[in-house]
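Inside the fold
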Amino acid sequence: LMEGRPGEALSMLKAQWKYIGQALMAGKHALVYEEALTDGTSKLDVDMKAISSEAFGINKDKGGITSAAGHFVDGFGILMRMQGYRPMVAIDETFKVLARGMQAEALAERAKSSAIRSAKERGLSPDDITKEGQAAYLKALHSDEVFNESAEFARMVTFQDDLPAVFQNMQGMINHPLMKIWMPFYKTPTNIFLRVMERSPLGILMPDNFKKVFTGQGTNAERRAVLAKIGTGSAFAGTILSLTSGMYGDDIIITGYGPRRQKLRSNWLENN
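A brief look at the structure comes next. (Residues numbered from 1 in each chain as written. Predicted model: local features only at pLDDT ≥ 70, side-chain atom pairs only at ≥ 80, totals over all residues. Heavy atoms only, no water.)

Now for unusual backbone geometry. Trans is the prevailing form of peptide bonds, just as negative phi is the prevailing case for residues other than glycine. A positive phi is found at Glu34, a non-glycine position, where the angle reads about 60°. Inspection of the secondary structure assignment puts Glu34 in the loop between α1 (6-33) and α2 (68-81). Overall, the relative accessible area of 7% leaves Glu34 in the buried class. The phi torsion at Phe159 lies on the positive side, around 60°, for a residue other than glycine. Residue position: Phe159 is located in the loop between α5 (144-157) and α6 (165-168). Its relative accessible area of 24% is what places Phe159 among the partly exposed residues. (Helix = DSSP H or I, 4+ residues; strand = E, 2+ residues; numbered from the N terminus. Buried < 20%, exposed > 50% of the residue type's maximum accessible area, 1.4 Å probe, protein only.)

At 3.6 residues per turn, the α-helix brings residues three or four places apart onto the same side. The end-to-end C-alpha separation of helix α3 (residues 85-121) is 54 Å, in line with the 54 Å expected for 37 residues at 1.5 Å each. Downstream of α3 by a residue or two, Gly123 has a phi angle that is positive, lying close to 75°. (Expected span 1.5 Å × (residues − 1).)

Turning our attention to the packing of α3 against helix α4 (residues 126-141). The geometry of α3 relative to α4 is characterised by a closest axis approach of 8 Å and an angle of 150° between their N-to-C directions. Looking at the two axes, α3 sits roughly antiparallel to α4. Our pair here, α3 against α4, has a crossing hand that is right-handed. Contacts between α3 and α4 involve Ala104, Glu105, Ala108, Glu109, Ala111, Lys112, Ala115, Ile116, Ala119 and Lys120 from the first element and Ile129, Glu132, Gly133, Gln134, Ala136, Tyr137, Ala140 and Leu141 from the second. Classifying every residue of the contact of α3 with α4 gives 11 nonpolar, two polar and five charged. (Axes fitted to C-alpha atoms, helices over the stretch in contact; angles between N-to-C directions. Parallel < 35°, antiparallel > 145°, perpendicular 65-115°, else oblique. Left-handed = near helix turned anticlockwise from the far one by under 90°. Contact = heavy atoms within 4.5 Å. Nonpolar A, V, L, I, M, F, W, Y, C, P; charged D, E, K, R; others polar.)

This part is about the packing of aromatic side chains. Taken as a whole and judged by the stated rule, the model has two aromatic pairs. Where Phe72 meets Phe76, the ring centres are 6.5 Å apart and the plane angle is 10°; that geometry is what we call stacked. With a gap of four residues between them, Phe72 and Phe76 both fall in helix α2, about one helical turn apart. A ring pair is formed by Phe210 and Phe214, whose centres lie 4.9 Å apart and whose planes are at 45°; its orientation type is tilted. Linking Phe210 with Phe214, this pair stays in helix α10 (residues 207-214), spanning four residues, or about one helical turn. Looking at Phe210, the relative accessible area reads 38%, which means it is partly exposed. The ring of Tyr257 has Arg265 sitting right over it, with the charged end atom 3.7 Å from the ring centre. (Phe/Tyr/Trp six-rings, centres within 6.5 Å; stacked < 30°, edge-to-face > 60°. Lys NZ or Arg CZ within 6 Å of the ring centre and 35° of its normal.)

By the definition in use, this model includes 13 salt bridges. One salt bridge connects Asp161 with Arg195, and the closest N-O pair in it is separated by 3.4 Å. Of the two residues, Asp161 sits in the loop between α5 and α6 while Arg195 sits in helix α9 (residues 187-197), which places them 34 residues apart along the sequence. Each of the two residues, Asp161 as well as Arg195, counts as buried. Between Glu198 and Arg195 there is a salt bridge, and its shortest N-O distance comes to 3.1 Å. Arg195 carries the same exposure label as Glu198, and that label is buried. Bridged by salt links that share partners, the residues Asp161, Arg195, Glu198, Arg199 and Lys229 form one connected network. (Salt bridge = Lys/Arg side-chain N within 4 Å of Asp/Glu carboxyl O.)

Right, let's get into the environment of Val146. Considering the arrangement of structural elements, one finds Val146 in helix α5. Relative accessible area serves as the criterion here: at 9%, Val146 is assigned to the buried category. Residues Val146 and Ala106 lie 40 residues apart in sequence; the distance between their C-alpha atoms is 9.8 Å. Each residue touching Val146, except ones within four places of it in the same chain, is listed here: Ala104, Leu107 and Ala140.

Now the structure itself:
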């Protein structure tokens, strides 16, 4: 919306109702089978489950049957991961499918708008303009190119997209089994940091953004996207900071919940 694409913004909003069924089904699959259905990726960045017969080297016998010890380790691992990892994968899958559908609808709407403009310039009748727009929408919505771009958008939304080269160079060391004990997540918090940075005034100094805005290497749409992120994020952050400092008045200050002990809280609420 802030980039000047209200039609695409509206299509993304409507897409949430259209794709919520698929999203919930993907989340259910991940919760039951403990695997990412969309692309096989998760926030943990490892292929092997730490508590499993495979990780402990408990091999199957010649008949392909897992031993009782293997079943016990696998079962214990499932119980442990049910407390965090499995729900996390299910939630991620739900939002990935939802975000993928939203982006696909936005790109299809973009193709539709472009086709309608082209048809108008050629002087076609209103019916033919509508037909060309609808045909372009359906073609884009079911194309591999739009699907792949939407899947990448979904990974970005859930902080699972590839890191810049400078951060990727550290990923091999971080993914070492010993490091994973102390730092189980690397890509996700790094991506969150980058998402926050690119929505702050410092976002203009990020190499990719700087190139798109100042060196002419980016398209007009890419420059608008960069500036919209910086402007919107900075406006939200500035508003929150000004509210916590009482800039809008002594009686309009974000304080937080305050004391939790009942007596202290009662006294505190008299003035807050």
